[in-house]
Amino acid sequence: MYTVKSTLPDETLKVVGEALQGALVDLVDLSLVAKQTHWNVVGPRFRSIHLQLDEVVDSARNYSDIVAERASALGISPDGRVGTVATGTGIATTAEGWQRDTEAVATLVAALSSVVARMRERMNATGEVDSVTEDIFIQVTGDLEKHHWMFQAENVG
């Protein structure tokens, strides 16, 4: 049952809807992982990594809103509830407690790697049927790849 009716055909809407919902889940979880790590990072590079983590949180929250609103515009009810996020995320569980700065960076590199890989799959799937949604995934992926690069550069030594 759609409250808002899309002009996209049902088959296209199914592909796009699954991609948008999956992206929403990953982005919500990415914001939570980055914030949890932000609160628990310790070590000599605490301040710079602490601030860098908030940049990821801001990106993930911004894009989760864009993704959810795209779904809504197409008549797809976005689901960012905790249970949905917990069961649908592609990100590994974050360690409890304090994380050394090098561990915090590794946590974000792994989380971003997972999300970027899944975003690329969604970009490819939606590119075949809806270039508007594909464009959103292109933007999200580019931004997350930049964060991924910057976190990888933190642990080179």
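Residues numbered from 1 in each chain as written. Predicted model: local features only at pLDDT ≥ 70, side-chain atom pairs only at ≥ 80, totals over all residues. Heavy atoms only, no water.

The name recorded for the protein chain in an unreviewed UniProt entry is DNA starvation/stationary phase protection protein, from Streptomyces spiramenti. Per its UniProt entry, the protein chain bears the Sequence similarities (unreviewed entry) comment "Belongs to the Dps family." (UniProt positions renumbered as here; feature names shortened; annotations may be inferred.)

A tally of helices and strands in the protein chain yields five helices and two strands. Taken from N to C terminus, the helices and strands of the protein chain fall in the order α-β-α-α-β-α-α. For a compact globule of 157 residues, the expected C-alpha radius of gyration is about 15 Å, and the protein chain comes in at 16 Å, within 12% of that figure. Dimensions of the protein chain along its principal axes, counting C-alpha atoms only, are 55 × 30 × 20 Å. (Helix = DSSP H or I, 4+ residues; strand = E, 2+ residues; numbered from the N terminus. Rg over C-alpha atoms; globule rule 2.2 N^0.38 Å.)

Another aspect to go through is the nonpolar core. Leu30, Leu108, Met119, Leu144 and Phe151 are the most contacted members of the largest nonpolar core, which has 42 residues in total. Contributions of two or more residues to this core are made by helix 1 (10–40), helix 2 (46–73), helix 4 (101–127) and helix 5 (131–154). No other element matches helix 1, which puts twelve residues into this core. Once residues lying within four places of it in the same chain are set aside, the contact partners of Met119 are Ala23, Leu27, Phe137, Val140, Thr141 and Leu144. (Core = buried A, V, L, I, M, F, W, Y, C linked by side-chain atoms within 4.5 Å. Buried < 20%, exposed > 50% of the residue type's maximum accessible area, 1.4 Å probe, protein only. Contact = heavy atoms within 4.5 Å.)

With that settled, the discussion passes to the pattern of salt bridges. Tallying each qualifying case throughout the model produces ten salt bridges. Arg122 serves as the salt-bridge partner of Asp26, at 3.1 Å between the closest nitrogen and oxygen. With Asp26 in helix 1 and Arg122 in helix 4, the pair connects residues that are 96 residues apart, well separated along the chain. Classification of Arg122 by relative accessible area gives buried; the value is 9%. With its nearest N and O atoms 3.0 Å apart, the salt bridge here joins Glu154 to Arg45. Linking Glu154 in helix 5 with Arg45 in the loop between strand 1 (41–42) and helix 2, this pair joins segments that are 109 residues apart in sequence. Take Glu154: its relative accessible area is 22%, and that puts it in the partly exposed class. Salt bridges here are not isolated pairs; linked through shared partners, they connect Asp26, Arg118 and Arg122. (Salt bridge = Lys/Arg side-chain N within 4 Å of Asp/Glu carboxyl O.)

Structurally, the position occupied by Lys35 is in helix 1. Contacts of Lys35, omitting those with residues within four sequence positions, involve Asp54, Val57 and Arg61. A polar side-chain atom of Lys35 sits 2.7 Å from a polar atom in the side chain of Asp54. (Polar contact = N/O pair within 3.5 Å; in protein donor to acceptor, adjacent residues only side chain to side chain.)

Mapped onto the elements of the fold, Asp130 is located in the loop between helix 4 and helix 5. Of note is the side chain of Asp130, whose polar atom sits 2.4 Å from the side chain of Thr133.

Further remarks concern helix 1. For helix 1, spanning 31 residues, the distance from its first C-alpha to its last is 45 Å, which sits close to the expected 45 Å at 1.5 Å a residue. Of all 31 residues making up helix 1, 22 are buried, and the element is well covered by its neighbours. (Expected span 1.5 Å × (residues − 1).)

This next bit is on the UniProt feature "domain: Ferritin/DPS" (unreviewed entry) in the protein chain. Under the UniProt annotation, "domain: Ferritin/DPS" (unreviewed entry) lies at residues 18–153. Span residues 18–153 is 79% helix and 3% strand, its end C-alpha atoms 33 Å apart.

Take Thr12: it is sitting in helix 1. Using a relative accessible area of 12% as the deciding quantity, one classes Thr12 as buried. Measuring from C-alpha to C-alpha, the distance between Thr12 and Glu128 comes to 9.2 Å, with 116 residues separating the pair along the chain.

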